[in-house]
Amino acid sequence: KLNEALINKSINNGITAAQDNSEIARDTIVLKHELSHIINKDFQHGTYALVMTPIAVEALSFGATTAFRKLCNIQEPKTLAKSILRSSVAVGSIFPKAFISAISYIFLWRYHEKRSDKFACEHAESRLELEEYAKWHKENESPYAKGNRRDVRLAEFENDPLHPAPIDRREMVEAYISQLDTAHTKL
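Residues numbered from 1 in each chain as written. Predicted model: local features only at pLDDT ≥ 70, side-chain atom pairs only at ≥ 80, totals over all residues. Heavy atoms only, no water.

> What is the right way to read the overall build of the protein from this model?
Helix and strand counts for the protein come out as eight helices and zero strands. Across the protein, helices and strands are ordered from the amino to the carboxyl terminus as α-α-α-α-α-α-α-α. The buried share among the 187 residues of the protein stands at 28%. Look at the contacts in the protein between residues 6 or more apart in sequence, and 72% of them connect residues 24 or more apart. Looking at the protein as shown, the accessible area adds up to about 12800 Å², and 63% of this sits on carbon and sulfur atoms. (Helix = DSSP H or I, 4+ residues; strand = E, 2+ residues; numbered from the N terminus. Buried < 20%, exposed > 50% of the residue type's maximum accessible area, 1.4 Å probe, protein only. Contact = heavy atoms within 4.5 Å. Areas by Shrake-Rupley, 256 points an atom, 1.4 Å probe, with all protein chains shown as cover.)

> Help me out: how do you make sense of unusual backbone geometry in this one?
A negative phi holds for most residues other than glycine; trans holds for most peptide bonds. The phi dihedral of lysine 41 is positive, around 55°, even though this residue is not glycine. Mapped onto the elements, lysine 41 comes out in the loop between helix 2 (18-39) and helix 3 (42-72). Despite not being glycine, asparagine 73 shows a phi value in the positive range, around 55°. Along the polypeptide, asparagine 73 turns up in the loop between helix 3 and helix 4 (80-92).

> How do you make sense of the environment of proline 54 when you look at a structure like this?
For proline 54, the location among the structural elements is in helix 3. Judged by its relative accessible area of 37%, proline 54 is partly exposed. Between the C-alpha atom of proline 54 and that of phenylalanine 99, which follows or precedes it by 45 residues, the distance is 9.7 Å. Each residue touching proline 54, except ones within four places of it in the same chain, is listed here: Ala49 and Ser101.

> Please clarify how the packing of aromatic side chains should be interpreted in this entry.
Any aromatic ring pair is given by two values, namely how distant the centres are and how the planes are angled relative to each other. Counting across every chain of the model gives two aromatic pairs. Ring geometry for phenylalanine 43 against tryptophan 109: centres 5.5 Å apart, planes inclined by 45°, an arrangement best described as tilted. One end of the pair, phenylalanine 43, is in helix 3; the other, tryptophan 109, is in helix 5 (residues 94-122), with 66 residues separating them in the sequence. What makes phenylalanine 43 partly exposed here is its relative accessible area of 48%. Using a relative accessible area of 8% as the deciding quantity, one classes tryptophan 109 as buried. A ring pair is formed by tyrosine 133 and tryptophan 136, whose centres lie 6.0 Å apart and whose planes are at 10°; its orientation type is stacked. (Phe/Tyr/Trp six-rings, centres within 6.5 Å; stacked < 30°, edge-to-face > 60°.)

> Honestly, the pattern of salt bridges in this entry has me stumped. Any pointers?
Pairing is possible between side chains of opposite charge, provided their charged atoms come close. Throughout the structure, instances matching the rule amount to 16 salt bridges. Note that lysine 32 is salt-bridged to glutamate 129, the shortest N-O span being 3.0 Å. Taken together, the positions of lysine 32 in helix 2 and glutamate 129 in helix 6 (residues 127-140) put the pair 97 residues apart, joining distant regions of the chain. The class of lysine 32 is buried, set by a relative accessible area of 11%. Take glutamate 129: its relative accessible area is 6%, and that puts it in the buried class. Salt-bridge contacts for arginine 115 lead to aspartate 42; the nearest nitrogen and oxygen are separated by 2.5 Å. With arginine 115 in helix 5 and aspartate 42 in helix 3, the pair connects residues that are 73 residues apart, well separated along the chain. Classification of arginine 115 by relative accessible area gives partly exposed; the value is 27%. When salt bridges with common partners are traced through the structure, they connect Lys138, Glu141, Arg170 and Glu174 into a single cluster. (Salt bridge = Lys/Arg side-chain N within 4 Å of Asp/Glu carboxyl O.)

> Mind showing me how you'd approach the side chain of lysine 32 here?
Looking at lysine 32, its side chain comes within polar contact range of the main-chain oxygen of histidine 123, at 2.8 Å. Leaving out residues up to four positions away in the same chain, lysine 32 has contacts with Phe119, Ala120, His123, Ala124, Glu125 and Glu129. (Polar contact = N/O pair within 3.5 Å; in protein donor to acceptor, adjacent residues only side chain to side chain.)

Shape descriptors only; they carry no functional weight alone.
Okay, structure coming up:
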């Protein structure tokens with residue numbers, strides 16, 4: 001779509017329909033968002049996080065377990081039954097560790113998305129780009145997410161856990177629009 005809009009603009013010597021201009025603005029700011037991911041190497045960091053987060057969680061768990069054993073003076077199991085019980089508890093801790101690792105990864109990726117949105121807004125070349133970005137996020141809001149803010153965020157989280165809720169993203173863009181308007185008013 002961006003390519004078609006740019007071709008239209010070049011064929012018509014820069015005189016294009018408002019629809020082409022809005023498509024160019026929207027696609028340009030979305031590309032700036034994606035460019036931020038590339039500049040910040042978010043995909044590489046995400047891959048490292050997939051590997052390192054479970055290792056870090058396991059290391060913290062091991063350290064806490066060792067400290068707890070020393071504080072409570074817990075000895076190594078001496079019988080087979082006690083060994084089986086201890087192993088069962090260790091196996092039972094796999095799910096909480098996996099849950100903590102997954103939540104940590106999700107929060108990291110949401111941070112990357114928020115930072116990329118901020119980058120795109122800070123590097124917007126026109127108010128139209130910001131308006132189109134806000135409109136794009138508005139279109140991505142779920143029509144089924146109703147109720148208070150917490151319920152809307154939870155519904156959006158269930159739909160897409162790796163991105164902030166579109167309503168939050170739209171409000172951030174609108175804040176940049178108001179900052180731009182304030183800056184132009186002072187000039």
